[in-house]
Amino acid sequence: MTHVYDAIIIGTGQAGPPLAERLTRAGKKVAIIERKLFGGTCVNTGCTPTKTLVASAYAAHLARRAADFGVRINGGLGVDMKKVNARKDAVSRRSREGVESWLKQMDSCTVYEGHARFESPTEVSVARTQLTAKHIFINVGGRAQTPAMPGLDQVEYLTNSSMMDVDFLPRHLLVIGGSYVGLEFGQMYRRFGSEVTIIEMGPRLIHREDEDVSTAVREILEREGINVRLNAKCLAVRKQGKELTATLDCTSGSPEVSGSHLLLAVGRRPNTDDLGLDKAGVSVDQHGYIEVDDELRTNVPGIWAMGDCNGKGAFTHTAYNDYEIVASNILDKDPRRVSERILAYALYIDPPLGRAGMSETEVRSAGKPALVGKRSMMKVSRAIEKGETQGFMKIVIAADTKEILGAAILGTGGDEVVHAILDLMYAKAPYTVMQRAVHIHPTVSELIPTMLGELRPLASL
Ligand SMILES: Cc1cc2nc3c(=O)[nH]c(=O)nc-3n(C[C@H](O)[C@H](O)[C@H](O)COP(=O)(O)OP(=O)(O)OC[C@H]3O[C@@H](n4cnc5c(N)ncnc54)[C@H](O)[C@@H]3O)c2cc1C
């Protein structure tokens with residue numbers, strides 16, 4: 001027997017559940033399928049648990065710095081990893097259970113728990129159950145990539161998912177990959193008390209960022225005692241007694257580095273290889289991302305792909321925005337497009353990096369005449385008062401239109417402050433609007449108008 005629905009949603013990440021809500025409220029009969037944890041990556045193994053851990057790590061860091069603020073902590077400082085982990089689990093569990101009960105109590109929505117596979121462009125199976133619908137929405141997300149590296153199959157390694165079960169302090173955590181996920185875990189475990197070595201094959205960390213951002217981030221991490229190995233390609237890993245040893249192809253430093261635990265943070269891959277997409281005729285690119293148009297339609301009429309699996313974004317907010325785009329186009333007849341979205345994200349080391357739009361490097365390579373403003377956090381009263389003066393803020397402006405092209409705010413509150421700039425970019429307003437705005441003192445944001453008053457031509461820097 002085949003169960004007939006108006007719409008089938010595969011995956012309960014950031015786009016599927018709100019779309020189920022909108023569709024059912026519009027009178028549609030919906031089936032939603034989840035093979036593992038309700039809420040997907042963000043809730044269970046991504047943003048929510050990592051930012052909860054980052055908060056514990058920050059508490060430990062601040063406690064160590066207590067004397068800087070005139071605060072005495074009598075007795076030794078300790079981090080109880082079991083409690084840290086339990087706090088993280090409680091926060092994560094609340095979100096997961098919230099998503100699960102929301103879906104299970106939704107009128108006209110049937111939840112299937114199991115692995116979904118396409119049988120045809122309009123049919124999906126979940127184990128032996130067959131479902132059919134004219135409209136199918138794929139929201140299957142991604143998972144950690146595992147490189148083909150000699151020895152990896154012989155050792156125990158961690159990914160962002162298995163890190164969630166770590167309720168002890170690794171003596172020495174080797175992190176392969178010096179990008180967003182690796183840096184967040186690296187700094188937090190250093191602050192918990194582990195020795196940490198970050199191994200990055202490129203010449204700098206977070207290579208998509210401007211060089212000054214990468215350098216400042218490296219300095220922040222090194223100041224905390226993290227070993228950063230750049231230009232060091234991990235060739236192989238092996239177990240030596242209780243130690244894990246990575247062999248490196250490097251021009252400087254030791255060609256081998258040993259630690260007690262190994263975290264792989266070398267990128268993500270979409271969960272599209274086991275979805276039966278070939279039976280539906282849905283096209284994917286060379287990396288397995290589902291090809292979609294500006295409204296997130298796949299090449300097969302009636303099938304959409306939202307979130308990380310379409311390669312148009314790699315964040316919770318982009319996955320959620322995909323839902324907004326699809327819902328707006330099919331239910332509200334209010335056209336929205338992916339291309340209207342401005343790139344924005346944060347790196348949650350401490351201090352965080354908030355990013356919006358183009359980097360300085362991208363503006364330079366596009367050959368756009370531009371102005372740039374930069375201000376050290378050492379010149380921001382709020383940062384000085386908080387004793388958190390690492391980092392800087394930077395903004396790039398189009399010389400002709402005076403519109404903001406991009407910004408990077410590495411510093412205390414940078415993840416929040418960048419939104420003032422982002423909103424002005426969405427408004428397509430000239431930077432002079434913000435330059436004349438009167439911001440609250442003392443905040444980090446109040447220095448943005450000052451920075452905008454000190455712009456210089458990009459080329460002269
Ligand atoms: C360590 C880490 C930290 C992160 N931190 C941040 C952050 O701070 N901010 C941010 O914006 N982003 C962050 N991200 C990225 C963010 O988590 C993802 O971009 C986001 O979760 C993607 O959501 P999604 O809806 O596309 O898919 P997912 O959340 O991955 O959900 C997909 C769901 O589909 C299910 N599924 C897959 N295949 C099938 C199938 N065949 N049948 C049934 N179900 C299936 C999966 O089990 C999963 O539940 C982080 C990611 C990681 C790994």
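Structure shown above.
Residues numbered from 1 in each chain as written. Predicted model: local features only at pLDDT ≥ 70, side-chain atom pairs only at ≥ 80, totals over all residues. Heavy atoms only, no water.

A. Molecular detail of the sheet that holds strand β9 (residues 195–199). In space, the four strands of this open sheet follow the order β10-β9-β8-β14, with parallel pairing throughout. If you trace the sheet from one side to the other, it starts and ends with β10 (227–229) and β14 (261–264), each paired once. Taking each pair of neighbouring strands and ignoring which way they run, the sheet shows an average axis angle of 20°. Alignment of strand β8 (residues 172–176) against β9, held across five bridges, turns out to be parallel. (Pairing = 2+ DSSP bridges. Helix = DSSP H or I, 4+ residues; strand = E, 2+ residues; numbered from the N terminus. Axes fitted to C-alpha atoms, helices over the stretch in contact; angles between N-to-C directions.)

B. View of the pattern of salt bridges. If you walk through the whole model with that rule in mind, you get 30 salt bridges. A salt bridge links D167 to K82, with the nearest nitrogen and oxygen atoms 3.4 Å apart. Within this pair, whereas D167 is found in the loop between β7 (142–144) and β8, its partner K82 is found in helix α4 (residues 81–104), the two being separated by 85 residues in sequence. A salt bridge links D210 to K394; its shortest N-O distance comes to 2.8 Å. With D210 in the loop between β9 and α6 (211–223) and K394 in strand β20 (residues 392–398), this pair connects stretches of sequence that are 184 residues apart. Across the pair, K394 and D210 agree in class, each one buried. Each of D210, D212, E360, R364, K374 and K394 takes part in salt bridges that share partners, so that together they form one network. (Salt bridge = Lys/Arg side-chain N within 4 Å of Asp/Glu carboxyl O. Buried < 20%, exposed > 50% of the residue type's maximum accessible area, 1.4 Å probe, protein only.)

C. Examining unusual backbone geometry more closely. With omega at 0°, the peptide bond leading from D350 into P351 counts as cis. Relative to the assigned elements, P351 resides in the loop between β17 (344–347) and β18 (353–357). That bond from H441 to P442 is cis: its omega, -5°, falls within 30 degrees of zero. In this fold, P442 is placed in the loop between α12 (431–435) and α13 (447–452). Although it is not a glycine, A127 adopts a positive phi angle of roughly 50°. Examined against the element boundaries, A127 turns out to sit in the loop between β5 (123–126) and β6 (129–138). For K333, which is not a glycine, the phi torsion comes out positive at approximately 50°. When its relative accessible area of 65% is taken as the criterion, K333 is described as exposed.

D. Quick peek at the packing of aromatic side chains. In total, this model carries six aromatic pairs according to the counting rule given. Centroid distance Y5 to Y112: 6.2 Å. Interplanar angle 90°. Geometry classified as edge-to-face. Of the two residues, Y5 is situated in strand β1 (residues 2–10) and Y112 in strand β3 (residues 109–113); the sequence distance between them amounts to 107 residues. Overall, the relative accessible area of 7% leaves Y5 in the buried class. (Phe/Tyr/Trp six-rings, centres within 6.5 Å; stacked < 30°, edge-to-face > 60°.)

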